[in-house]
Amino acid sequence: MAVDIQGYSKRDTREQLLAQRDLCEALDRAAHGAGLDRGHWEKQVGGDGELATLPDGTDPAMVAGEFVIGLAEALRDLNREARGGAAGEAGGHRLRVRLSLHHGTLTAGPFGPAGDAPIVVQRLLDAAPLRRLLVDDADRDLAYVVSDSLFEDVVRTGFCALPPEAFQPIKVTAKGATFRGHIMTGRAVRRNGLPDDRGGEDGGERGGPPGDRPAPDARVLDFPALAVR
């Protein structure tokens, strides 16, 4: 998993420190709400973000869905406080982030994880369409992309709390290689129609009725690891 703060270098030192603390708080809250423990994640941190490998046995559907919804909600609440509750105000200190998620091969190394997963997740995080999503939509606090394989295995199958209709495919070419993913162009809302950061007032995307979801005992097979930045 990879996460990065938009416009971090434009902040002064005090504002950078505040952004780091707010992001950590938002990630902790989202993880807790999804039943995840960030204390067990292997994290490689930078000033403006984090690259994390999640432990074996982590449910990818929970990370790709409930965790993301929780992060959107946490960002919404943090930014509402920063704006003093003034809805629609631009707010120079809003915390807006990009999030990338992929599952694949990796192994531990002396300078961090090595393998396919860290490369894919970083290339998708840096994709121009993902960056443009925050530029073109001033009301959006979270720009989220999943790899093509994770979309096919988890999101499209219906195991994820986010509806596949909220995503659009992208193709990124970097350093002579091609990477495919799916950007969430819709809002982070649950498949049962409960909104997160839009309050259900703008007619945003909605999922199908609860009867369209997998049976309660349905299970996504565990992946060896998840990589996020």
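None of these values were measured; they are calculated from a predicted model. (Residues numbered from 1 in each chain as written. Predicted model: local features only at pLDDT ≥ 70, side-chain atom pairs only at ≥ 80, totals over all residues. Heavy atoms only, no water.)

> Help me understand helix 5 (residues 148–155) in this model?
In an α-helix there are 3.6 residues to a turn, and that puts residues three or four apart on one side. Taken residue by residue, helix 5 has Leu150, Phe151, Val154 and Val155 as its buried positions. The arc that holds every buried residue of helix 5, seen down its axis, measures 100°, which confines them to one face. In this fold, the buried residues of helix 5 make contact with helix 2 (60–82), strand 4 (97–102), strand 5 (142–147), strand 6 (167–174) and strand 7 (177–184). (Buried < 20%, exposed > 50% of the residue type's maximum accessible area, 1.4 Å probe, protein only. Helix = DSSP H or I, 4+ residues; strand = E, 2+ residues; numbered from the N terminus. Arc of directions from axis to C-beta. Contact = heavy atoms within 4.5 Å.)

> Help me understand helix 2 in this model?
Here helix 2 contains 23 residues, and its C-alpha end-to-end distance of 32 Å stays within 8% of the 33 Å for a straight helix at 1.5 Å per residue. When the local axis directions of helix 2 are compared, the greatest deviation, roughly 30°, occurs at Phe67. Across the 23 residues that make up helix 2, a large majority, 17, are buried. (Expected span 1.5 Å × (residues − 1). Bend = angle between axes of the 7 residues up to and from the residue.)

> Can you help me understand the packing of aromatic side chains in this one?
For any pair of aromatic rings, the description rests on two quantities: the centre-to-centre distance and the angle between the ring planes. Per the counting criterion, the structure on display carries three aromatic pairs. Relative to Phe167, the ring of Tyr144 has its centre 5.9 Å away and its plane inclined at 70°; by these criteria the two rings are edge-to-face. Taken together, the positions of Tyr144 in strand 5 and Phe167 in strand 6 put the pair 23 residues apart, joining distant regions of the chain. With respect to burial, Tyr144 and Phe167 carry one shared label: buried. Aromatic ring contacts, followed pair by pair, group Tyr144, Phe151 and Phe167 into a single cluster. (Phe/Tyr/Trp six-rings, centres within 6.5 Å; stacked < 30°, edge-to-face > 60°.)

> Got a minute to help me understand the pattern of salt bridges in this structure?
Oppositely charged side chains can form a pair if their charged atoms are brought close together. Counted by the stated rule, this structure contains ten salt bridges. As a salt-bridge pair, Asp4 and Arg98 come within 3.2 Å of each other at their nearest N and O atoms. With Asp4 in strand 1 (residues 2–5) and Arg98 in strand 4, the pair connects residues that are 94 residues apart, well separated along the chain. With respect to burial, Asp4 and Arg98 carry one shared label: buried. (Salt bridge = Lys/Arg side-chain N within 4 Å of Asp/Glu carboxyl O.)

> What is the right way to read the environment of Pro129 from this model?
Relative to the helices and strands, Pro129 resides in helix 4 (residues 128–136). Classification of Pro129 by relative accessible area gives partly exposed; the value is 25%. Taking C-alpha positions, Pro129 is 8.2 Å from Ile183, a pair spaced 54 residues apart along the chain. Dropping the residues within four chain positions of it, Pro129 is found in contact with Ile170 and Ile183.

> I tried to follow the nonpolar core on my own but got confused; where do I start?
Soluble, globular proteins show a tendency: their nonpolar side chains are buried together. Within the largest apolar cluster, 44 residues are counted, with the highest numbers of intra-cluster contacts made by Phe67, Leu99, Leu142, Tyr144, Leu162 and Phe167. Those elements that provide at least two residues to this core are strand 1, helix 1 (13–33), strand 3 (49–54), helix 2, strand 4, strand 5 and helix 5. With eleven residues, the single largest contributor to this core is helix 2. By size, the runner-up hydrophobic cluster in this structure holds 13 residues, among which are Leu124, Leu133, Ala143 and Val145. (Core = buried A, V, L, I, M, F, W, Y, C linked by side-chain atoms within 4.5 Å.)

> Would you mind going over the environment of Cys24 with me for this structure?
By the secondary structure assignment, Cys24 is in helix 1. Separated by 14 residues in the primary sequence, Cys24 and Arg38 place their C-alpha atoms 9.9 Å from one another.

> Where do I start with unusual backbone geometry in this structure?
Excluding glycine, residues mostly carry a negative phi; peptide bonds, for their part, are mostly trans. Positioned with a positive phi, Lys175 is a non-glycine residue whose angle comes to about 55°. Of note, Lys175 is situated in the loop between strand 6 and strand 7. For Lys175, a relative accessible area of 75% corresponds to the exposed category.

> Please explain the pairing of strand 2 (residues 42–46) as it appears in this structure.
For a regular strand, the rule is simple: side chains alternate between the two faces of the sheet. Where strand 2 and strand 3 come together, five bridges link them in antiparallel fashion. Residue pairing across strands places Gln44 opposite Leu51, the latter belonging to strand 3. If you look at the hairpin formed by strand 2 and strand 3, you'll find two residues sitting between the two strands. (Pairing = 2+ DSSP bridges.)

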